[in-house]
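# Observations on the three-dimensional arrangement
Residue-level listing of the chains:
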Amino acid sequence: MWGILFFLNIYPTNLNCEPIVNPPKDLKKPRGKKCFFVKFFGTEDHAWIKVEQLKPYHPHKEEMIKINKGKRFQQAVDAVEEFLRKTKGKDQASSHNSNEEKNRRNSSEERGKQSAGEEKRNASLSEGKLKKGTGEGKKRVSSVSSERGSKSPLKRAQDQSPRKRGRPPKDEKDLTIPESSTVKRVMTGTVAGFKWPPSVSEPVKDSDPHFHHFLLSQTEKETGSTSIQAADSTAVNGSITPTDKKIGFLGLGLMGSGIVSNLLKMGHTVTVWNRTAEKCDLFIQEGARLGRTPAEVVSTCDITFACVSDPKAAKDLVLGPSGVLQGIRPGKCYVDMSTVDADTVTELAQVIVSRGGRFLEAPVSGNQQLSNDGMLVILAAGDRGLYEDCSSCFQAMGKTSFFLGEVGNAAKMMLIVNMVQGSFMATIAEGLTLAQVTGQSQQTLLDILNQGQLASIFLDQKCQNILQGNFKPDFYLKYIQKDLRLAIALGDSVNHPTPMAAAANEVYKRAKALDQSDNDMSAVYRAYIH
C-alpha cells in the first residue's frame, strides 16, 4: 500500500485490518477514524495510520515513482519488488504443491472409481449366482450389497473429512495482497474520497511540495512485517554520482548538520568548519576533513557552501578575519545557503566576483527533520554554471531545486515563503488558544483541520507540538521572526503592504520576550497564553 503522511510518523496499514504487531502501551490508538498499527520495510519504525491515508500499491506505482525519484525511495521500491518476487516464488511453489496434491487426488479418485466398478461387477456376479441358487429371498441381500458398493471408499472418506473442498491448506495460503471484502470496502469508501497529489504530468494545483513525504509499505501477514520507508530526493534512479570536486561547508547548525551528513553519505569529499569547533567532531568521525578557518576551507576546496543564521553572520563569515574572501581566488566557488535579505546577498556576490570567484545563493526551505532526510527544497540564483556544478550536492541534500535567475531573487522568494509559513504558524496558535478559552477541544479542532483543505504535515506537526507541550526546535522561533522582519522590510522597499505579516511579527516578538527564542516556532503559542 501507499500512505501519505500528515505527520512525520504516520504509516500504511495491514490489509487484513488487524494490527501486525502489538503497539507499545505508551503509544495509544488515536481516537476518531479507524486506524491500524503497522511496521515498515527496512526500518523498525511503527505507528498508527488512518485508513483514508492508504492507496493500493500496484495501480499507483508508476505515479508515485514519477513524483518521488529519490535514492532512498528507489531503494524502497526495489526492496518491495524483491519482496513481491519472493512472494511470487512462494506462490508458485505453493501452486506446484497444490497441483501435485490435485494430481494425487485425481489418481486416488480414479483408483476409487475402478475399485467401485470392480465391486459393482462382483455384486452383479454374486446376484446372478444367488438367483440361481436361492431364489427371490436372496435378491434383497444382493440389492443391499449393490447399494453399498455404489459409493467408493474414497468418496466416503472425502465426505467424512472436516476440510471443505476447495479450501487450500494453511501452508498454501496466498501471501500477496488479498482482494477481501474488507479491502474493497476500504478502497471504495474513505480511501476513494481522499485527494492524492497529482502526477508529474499534471499541473500541480494547491499542493505543498515543501511538506509532501510519501511512505511505501507492503506487509507480509504470515511471517511478520517487512517494510520500507521511502524518504528522499531528486536523484535519478535512486543513485547519485558525487562530483569529483572538493566540497567545503561552513556552519553546522540545525540545517547545516543534516546537509553535511547527506553529502558524506552520498560519497562527497567534504571539509567542514564551524564557529563552535566541537560540532565538527561527529562529521570528522564520518569521514569529513577539518578546516581551521573559513579562508582555509575556501582555499583548499573547489565549491564552498555556507549556512548561517542571519545577515550579520553571513557578512562576518565572508568579510571578517580569516574569512571566506581571503581564500577566494579566480575559479573558486561560493554558495551561500543562509536566509538573508536581497541587499546582503547582492553585496556578498559583488565582493566574491570582484576577486575572480563564482557566486550562487541557494537558501533552503525546510526544517531540521527535512534536512536530516535529504528532503529540502533549494531556491537558487546567480551563476547558472555553478548551479549545474552543484547538481550532485543538491540531489544529496534536497528533493528538488529551483533556479530563479539573477542574484537576489532566491533571497526574496525565500523570505516570502517563510513569511507565509510564519504567519500561518501564528494563526494556528491563535486558533488553538481561542478553542481552549471558548471551551472547545483542541484535539477535535486539529482532527477537523486535518480532514479539510488545510491538512498538511506542517499543520499536524506544529499542532502536535502545542498539544504535547513539546517545543524542541525544528525551526528556531528567533529565525522565523527574523524572516518575518526581513519580509516586512522587503514589502516596505516596494511600498507593498504586509499587515498580516506585521501582526504575526508582533506575536513572535512577544514570544521572544517570554524567552522562547531558542524553542521551536510553534512556541509562539505561549505568547497567547501569558
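Remember, predicted model here, so these are calculated numbers, not experimental data.

### Some remarks on the pattern of salt bridges
If you walk through the whole model with that rule in mind, you get 10 salt bridges. A salt bridge links arginine 292 to glutamate 296; the shortest N-O distance between them is 2.8 Å. Arginine 292 sits in the exposed class, given a relative accessible area of 67%. You can call glutamate 296 partly exposed: its relative accessible area is 22%.

### With respect to the nonpolar core
Counting residues in each nonpolar core, the largest one holds 36 residues, and the members touching the most others are Phe249, Leu263, Phe305, Val335, Met337, Phe394 and Met397. Of all the elements in the fold, those that place two or more residues in this core are β6 (247-250), α6 (254-265), β7 (270-273), β9 (303-306), β10 (333-336), β13 (376-382), α13 (384-389) and α14 (391-397). The dominant element in this core, judged by the number of residues it contributes, is α6, at 5 residues. Setting aside anything within four residues of it in sequence, one finds valine 335 in contact with Ile303, Thr304, Phe305, Ala306, Leu360, Ala362, Leu386 and Cys390. Counting 30 residues, the second largest nonpolar core, distinct from the first, contains Ala429, Leu459, Val507 and Met521.

### Things to note about the environment of valine 524
In this fold, valine 524 is placed in the loop between α19 (499-513) and α20 (526-529). Residues valine 524 and alanine 426 lie 98 residues apart in sequence; the distance between their C-alpha atoms is 6.5 Å. Among residues more than four places away in sequence, those in contact with valine 524 are Met425, Ala426, Ala429, Leu477, Val507, Tyr508 and Ala511.

### Some points on the state of the cysteines
Tallying each qualifying case throughout the model produces 0 disulfides. Between cysteine 393, a free cysteine, and cysteine 390, which holds the nearest cysteine sulfur, the sulfur-to-sulfur gap is 5.8 Å.

### Examining the packing of helix α15 (residues 409-437) against helix α18 (residues 477-493)
Running from amino to carboxyl end, α15 crosses α18 at an angle of 120°, the nearest separation of the two axes being 8 Å. Classed by the angle they form, the pair α15 and α18 counts as oblique. Considering only the axes of α15 and α18, their crossing is left-handed. Between α15 and α18, the contacting residues are Lys412, Leu415, Ile416, Asn418, Met419, Gln421, Gly422 and Ser423 on the first element and Ile480, Asp483, Leu484, Leu486, Ala487 and Leu490 on the second. By residue class, the composition of the contact of α15 with α18 is 8 nonpolar, 4 polar and 2 charged.

### Brief notes about the layout of surface pockets
By volume, the second largest pocket amounts to about 880 Å³. Lining the second largest pocket we find 38 residues, and of these Gly253, Cys307, Val308, Ser309 and Tyr479 sit closest to its centre. Among the elements of the structure, α6, α9 (311-319), β12 (364-365), α15 and α18 are those that each provide at least two residues to the lining of the second largest pocket. By residue number, the principal contributor to the lining of the second largest pocket is α9, which donates 4 residues.

### So, the side chain of serine 423
With respect to the helices, strands and loops of the structure, serine 423 is situated in helix α15. If we skip the residues at most four places from it in the chain, serine 423 touches Leu484, Met500, Ala501 and Ala504.

Rules used in this analysis
Residues numbered from 1 in each chain as written. Predicted model: local features only at pLDDT ≥ 70, side-chain atom pairs only at ≥ 80, totals over all residues. Heavy atoms only, no water. Salt bridge = Lys/Arg side-chain N within 4 Å of Asp/Glu carboxyl O. Buried < 20%, exposed > 50% of the residue type's maximum accessible area, 1.4 Å probe, protein only. Core = buried A, V, L, I, M, F, W, Y, C linked by side-chain atoms within 4.5 Å. Helix = DSSP H or I, 4+ residues; strand = E, 2+ residues; numbered from the N terminus. Contact = heavy atoms within 4.5 Å. Disulfide = S-S within 2.5 Å. Axes fitted to C-alpha atoms, helices over the stretch in contact; angles between N-to-C directions. Parallel < 35°, antiparallel > 145°, perpendicular 65-115°, else oblique. Left-handed = near helix turned anticlockwise from the far one by under 90°. Nonpolar A, V, L, I, M, F, W, Y, C, P; charged D, E, K, R; others polar. 1 Å grid on protein atoms, 1.4 Å probe; cavity = no way out; pocket = protein on both sides within 12 Å on 5 of 7 lines; lining within 4 Å. Points joined across faces, edges and corners; volume = space filled by probe spheres on them.

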